[in-house]
Amino acid sequence: AGQSSDEGKEITGFTTPELEGEKISFPLEKEIKFTPELIPPSELWDKAETIVLDESSKKEIIELIQSLHKAANTGNTKKFLSLNEFKMNDLSKAMFSNSDADKQRNEKGMTEFLKMIKGKLEKMPKNFKFRLVANDKLIYVTDAKGNDVIKTKSSKDDGAFEIPVYISKIDGTWILA
């Protein structure tokens, strides 16, 4: 499993059912249990703490997301890379590509990405929804309606896209995962 459909090895699959005369409402969720042949190396699952959400934790998480939003919207590459450091390093390890060349390529890609979205993000929502996932090791953060909190303004030329935000806690520190 990779970031795009032509990367990696398929570990399981699911096709949306075709129902005649009935509408399927999205998002459609389906739990699929499987045992992978090979578990990619990742520090996240070993280091991530079991999360207990309280008001103090929610406040800290919102501050982290606000920092991410500000860094992305102002094009602050240094801050953006710093906030995403664990995520980028762990993803490289999980994809068996942890060389300096890979790190430089990832940083270059992030820099180009920031150039694309600089000044184009929608305002941060006022209300957030926190959903514990992955055996309470991750939090998926959305707005109150369930939409991703980091998203670009829609334009007729570029459309819009959303970036899902997953947060974890490692060694007592909230991180992007």
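Quick caveat: nothing in here was measured; it's all calculated off a predicted structure.

Caption draft 1: Highlighting the overall build of the protein chain. Regarding its fold elements, the protein chain presents five helices and six strands. The linear arrangement of helices and strands in the protein chain, starting from the amino end, is α-α-α-α-α-β-β-β-β-β-β. For the protein chain, the spread of C-alpha atoms along the three principal axes comes to 50 × 40 × 40 Å. Counting over 177 residues, the protein chain shows a buried share of 26%. Across the protein chain, every contact between residues at least 6 apart in sequence was considered, and the portion connecting residues at least 24 apart equals 61%. Surface exposure of the protein chain reaches about 12,600 Å², of which carbon and sulfur atoms provide 49%.

Caption draft 2: Representation of helix α5 (residues 100–117). Taking 1.5 Å of rise per residue, the 18 residues of α5 would be expected to cover 26 Å, and the 26 Å separating its terminal C-alpha atoms lies within 8% of that figure. Residue G119 follows α5 closely and has a positive phi angle near 75°.

Caption draft 3: Structural context of the packing of aromatic side chains. For the structure shown, the criterion picks out four aromatic pairs. Seen in terms of ring centroids, F80 and F113 are 6.4 Å apart; in terms of plane orientation they differ by 40°. Their pairing is tilted. Of this pair, F80 sits in helix α3 (residues 77–83) while F113 sits in helix α5, placing them 33 residues apart in sequence. A residue is classified by how much of its surface remains accessible, and F113, at 22% relative accessible area, is partly exposed.

Caption draft 4: Up close: unusual backbone geometry. With a phi close to 55°, A134 is a non-glycine residue in the positive phi region. Located in the positive-phi region is N135, a residue other than glycine, with phi close to 55°. Within the secondary structure layout, N135 lies in the loop between β1 (128–133) and β2 (138–143). A residue is classified by how much of its surface remains accessible, and N135, at 71% relative accessible area, is exposed.

Thresholds applied
In this convention, every chain numbers its residues from 1, walking through the sequence in written order. Under the rules for a predicted model, residues below a pLDDT of 70 receive no local features and side-chain atom pairs below 80 are neither given nor counted, while totals for whole chains, interfaces and linings still include all residues. Each side-chain value is worked out from all heavy atoms of the structure, with water and hydrogens disregarded. A run of H or I in DSSP becomes a helix once it reaches four residues, and a run of E becomes a strand once it reaches two; helices and strands are each numbered from the N terminus. Here's how the labels work: a residue is buried when its accessible area is under 20% of the maximum for its type, exposed when over 50%, partly exposed in between, all with a 1.4 Å probe on protein chains only. Contacts: residue pairs with any heavy atoms within 4.5 Å of one another. In these tables, accessible area is a Shrake-Rupley quantity obtained with a 1.4 Å probe, and a residue counts as shielded only by the protein chains included in the view. Multiply 1.5 Å by the residue count of a helix minus one, and that product is the helix's expected span. Only rings of Phe, Tyr and Trp enter the pairing, Trp through its six-membered ring, and a pair is recorded when the two centres are within 6.5 Å. The plane angle decides the type: under 30 degrees is stacked, over 60 is edge-to-face, the rest tilted.

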